[in-house]
Amino acid sequence: MGPEPLAYDRDFGLAITMRGASSEGQRIMSKQFKVALLGTGLMGAPMARNILRAEFPLTVWNRSLDKAKPLTAEGATLAETAPLAVSGADVIVTMLSDGYATGALLSDEAFCKQLKPGMIWIDMSSAKPEHAREQSAQLSSMGLQHLDAPVSGGTKGAEAATLAIMVGGDQDVMERVRPVLSAMGRPVHVGPSGSGQLCKLANQTIVAVTISAVAEATLLAQRGGAHPAALRAALKGGFADSIILQQHGERMSDGNFVPGGLSKFQLKDLDNTLEEARSLGVELPSTQSVRDRFEYLIDEMDGAEMDHSALYLELKKRNGLL
């Protein structure tokens, strides 16, 4: 068997094996890409750790620097400002609260001065599709390339590097940074700019409505005398099984609402979903209903910082059980 075919990356000037983007090829590439990750919160911090484990030189920044400092013990460089973080980077990864936070960076003159033609910006925040398209156009005019690549899988997926990564933008650009994305999870190209964010909204619709259904099933089982853990075991592998049933069903029956996915972010995503649906002339009644319930949980039950599985508490309250 002859040697593996090689491809030459025009931007970074290195040869890599083509057969399945081999681990050796990814190792070689990791020594070339300089990555900056902005936003080291619940999701961003474990994502940064996985980038480091893949041997990418990494600079990190967070608005609250204390959240980023622990990563220095694992090999990251801490930048005190966002402009310093992206200075000299090849790839910028943002994991911020929303598209407005990303847009704020692009309105900062000091930050934009550090952006150079040839950089690739991967925005993994959850944002509106229109924000992704606008930011892609702005960056393109500056000579940068942009991917909107939001994720699903929660903190467990971020820690295990098993995130579902929905990538919108140029597929060739995605392939160039696949080793960076694959360090964090499973990237799938879903269409042109904005498509990643559109798929994330679809994902969040499924998540929120399923959380609602799991809450109702859990309460029904408890009130009827069946043990919720036995319910989950009985349904495991069946048509109604899901990660949400197993993970969030356990949270509900245990009363553990320490955040993995914040309720306030779930509401933000549902608002974005409904706004996009209206622009398309589409009515989503289940999404609207569960959105209103999350709003009640947040505004009336002080649930903004709780895990989104805390929708179970809203259900108990409407049934007079709280």
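Above this text you will find the structure in question.
A short tour of the structure in this document, coming up. (Residues numbered from 1 in each chain as written. Predicted model: local features only at pLDDT ≥ 70, side-chain atom pairs only at ≥ 80, totals over all residues. Heavy atoms only, no water.)

### A closer look at the overall build of the chain
Now for step 1: Helices and strands together make up the secondary structure of the chain, namely 15 helices and 11 strands.
Now for step 2: Within the chain, the proportion of its 322 residues that are buried is 50%.
Now for step 3: Counted over contacts in the chain with a minimum sequence separation of 6, partners at least 24 positions apart contribute 60%.
Now for step 4: Surface exposure of the chain reaches about 15100 Å², of which carbon and sulfur atoms provide 53%.
Now for step 5: Within the chain, the 37 negative side-chain charges are centred at a point lying 4 Å from the centre of the 31 positive side-chain charges. (Helix = DSSP H or I, 4+ residues; strand = E, 2+ residues; numbered from the N terminus. Buried < 20%, exposed > 50% of the residue type's maximum accessible area, 1.4 Å probe, protein only. Contact = heavy atoms within 4.5 Å. Areas by Shrake-Rupley, 256 points an atom, 1.4 Å probe, with all protein chains shown as cover. Lys, Arg positive; Asp, Glu negative; His and termini not counted. Charge placed at Lys NZ, Arg CZ, Asp CG, Glu CD.)

### Side note on the packing of helix α14 (residues 285-301) against helix α15 (residues 311-318)
Now for step 1: Look at α14 against α15: their axes get within 9 Å of each other, and the N-to-C directions meet at 85°. Of the possible angle classes, the one that applies to α14 and α15 is roughly perpendicular. Contact residues: Val290, Arg293, Phe294, Tyr296, Leu297 and Met301 in α14; Leu311, Leu313, Glu314, Leu315, Lys317 and Arg318 in α15.
Now for step 2: Residues belonging to the contact of α14 with α15 are distributed by class as follows: eight nonpolar, no polar and four charged. (Axes fitted to C-alpha atoms, helices over the stretch in contact; angles between N-to-C directions. Parallel < 35°, antiparallel > 145°, perpendicular 65-115°, else oblique. Nonpolar A, V, L, I, M, F, W, Y, C, P; charged D, E, K, R; others polar.)

### Examining the pattern of salt bridges
Now for step 1: Within this structure, the stated rule accounts for 13 salt bridges.
Now for step 2: Ionic pairing is found between Lys113 and Glu109, a salt bridge with its closest N-O pair at 3.9 Å. For the pair Lys113 and Glu109, a shared accessibility class is recorded, and that class is exposed.
Now for step 3: In this structure, Asp271 and Arg291 form a salt bridge, with 2.7 Å as the shortest nitrogen-oxygen distance. Taken together, the positions of Asp271 in helix α13 (residues 263-279) and Arg291 in helix α14 put the pair 20 residues apart, joining distant regions of the chain.
Now for step 4: Relative accessible area serves as the criterion here: at 13%, Arg291 is assigned to the buried category.
Now for step 5: Each of Asp271, Arg291, Asp292 and Glu295 takes part in one network of salt bridges that share partners. (Salt bridge = Lys/Arg side-chain N within 4 Å of Asp/Glu carboxyl O.)

### Some points on the packing of helix α10 (residues 195-224) against α14
Now for step 1: For the pair α10 and α14, interaxial distance at closest approach is 10 Å and the crossing angle is 70°. Accordingly, the angle class assigned to the pair α10 and α14 is roughly perpendicular. Between α10 and α14, the residues in contact are Thr205, Ala208, Val209, Ser212 and Glu216 and Ser286, Thr287, Val290, Arg293 and Phe294, respectively.
Now for step 2: Taken together, the residues that form the contact of α10 with α14 break down as four nonpolar, four polar and two charged.

### Some thoughts on the side chain of Ser263
Now for step 1: Structurally, the position occupied by Ser263 is in helix α13.
Now for step 2: Overall, the relative accessible area of 0% leaves Ser263 in the buried class.
Now for step 3: Apart from residues no more than four positions distant in its own chain, Ser263 is found in contact with Phe294, Leu297, Ile298, Gly303, Ala304, Met306, Asp307 and His308.

### Looking at unusual backbone geometry
Now for step 1: Although it is not a glycine, Ala161 adopts a positive phi angle of roughly 60°.
Now for step 2: Of note, Ala161 is situated in the loop between α7 (154-160) and β10 (163-168).
Now for step 3: The class of Ala161 is partly exposed, set by a relative accessible area of 23%.
Now for step 4: In the Ramachandran plot, Asp302 falls in the positive-phi region, its phi being about 55° despite a non-glycine side chain.
Now for step 5: The topology assignment puts Asp302 in the loop between α14 and α15.

### Let's talk about the packing of aromatic side chains
Now for step 1: Evaluation of the coordinates by the stated rule reveals two aromatic pairs.
Now for step 2: Each ring, one from Phe33 and one from Phe56, has its centre 6.3 Å from the other, and the planes form 45°; the classification is tilted. Taken together, the residues span a long stretch of sequence, with Phe33 in the loop between α1 (23-30) and β3 (35-38) and Phe56 in the loop between α2 (44-53) and β4 (58-61) at a distance of 23 residues.
Now for step 3: Residue classification places Phe33 among the buried residues on the basis of a relative accessible area of 1%.
Now for step 4: Ring geometry for Phe111 versus Trp121: centroids 5.8 Å apart, planes at 65°, classification edge-to-face. Placement of the pair is Phe111 in helix α5 (residues 109-112) and Trp121 in strand β7 (residues 120-123), with a sequence separation of 10 residues. The pair formed by Phe111 and Trp121 is uniform in burial state, with each residue classed as buried. (Phe/Tyr/Trp six-rings, centres within 6.5 Å; stacked < 30°, edge-to-face > 60°.)

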